[in-house]
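What the coordinates show
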Amino acid sequence: MKVVADAPDAYYIVAETGLDPETRALKDGETFGVFDVFGDISAGAGQGLYHDGTRHLSLCQLRLTGHRPFLLGSSTGSGGHVLTVHLTNPDLPGDRELLWPKGVMHVRRSSFLWDRTWFSRVSIVNHGMAALSLSLDLS
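To keep things clear, this report deals only with the structure shown in the data block. (Residues numbered from 1 in each chain as written. Predicted model: local features only at pLDDT ≥ 70, side-chain atom pairs only at ≥ 80, totals over all residues. Heavy atoms only, no water.)

As for the sheet that holds strand 6 (residues 70–75)
Across the sheet, 4 strands lie side by side as 6-7-10-11; this open sheet has antiparallel pairing. Each edge of the open sheet is held by one strand with a lone partner, namely strand 6 and strand 11 (117–126). Within the sheet, the average angular offset between the axes of one strand and its neighbour, ignoring direction, is 15 degrees. (Pairing = 2+ DSSP bridges. Helix = DSSP H or I, 4+ residues; strand = E, 2+ residues; numbered from the N terminus. Axes fitted to C-alpha atoms, helices over the stretch in contact; angles between N-to-C directions.)

Shown next as structure tokens:
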């Protein structure tokens, strides 16, 4: 924390200029969230879910059977109210063969803030010819 001689009070924190270009921000009133391009919140990167100047969530990560998905794209749209992230699965090797080839699943994450609450929806579509078994881990 930087201390500034002209700070209004002892708890003043100097804001850095701009956001990392690899982050996405949402805001609703006194509530805001800073996410990475995957829609995750990574600890220690200034990312998180904040309300009234306090960070309430500092880590939230989505994994498919323990693996981070591949990024296809993400945006906050024109109004910056909804974060939409498109992901796909990585290759998942098995004991003797590939269990899932890369790009078989499409994962869509949608997040928005409303009335001091973060809403998140995850949908998964299997574009392969066979059923797949997976775990969706949110930590």
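Re the environment of F112
Looking at the secondary structure, you find F112 in strand 10 (residues 105–114). Taking the C-alpha atoms as reference, F112 lies 9.2 Å from G80; in sequence the two are 32 residues apart. Not counting the four nearest positions on each side in its chain, F112 is found in contact with L26, H81, V82, T117, W118 and F119. (Contact = heavy atoms within 4.5 Å.)

Points about unusual backbone geometry
Not every positive phi belongs to a glycine, and D52 is a case in point at roughly 55 degrees. In this structure, D52 sits in the loop between strand 3 (48–51) and strand 4 (54–57). A relative accessible area of 55% places D52 in the exposed class. The backbone of R116 sits at a positive phi, close to 65 degrees, despite the residue not being glycine. Topologically, R116 is positioned in the loop between strand 10 and strand 11. Classification of R116 as exposed rests on a relative accessible area of 63%. (Buried < 20%, exposed > 50% of the residue type's maximum accessible area, 1.4 Å probe, protein only.)

Shape descriptors only; they carry no functional weight alone.
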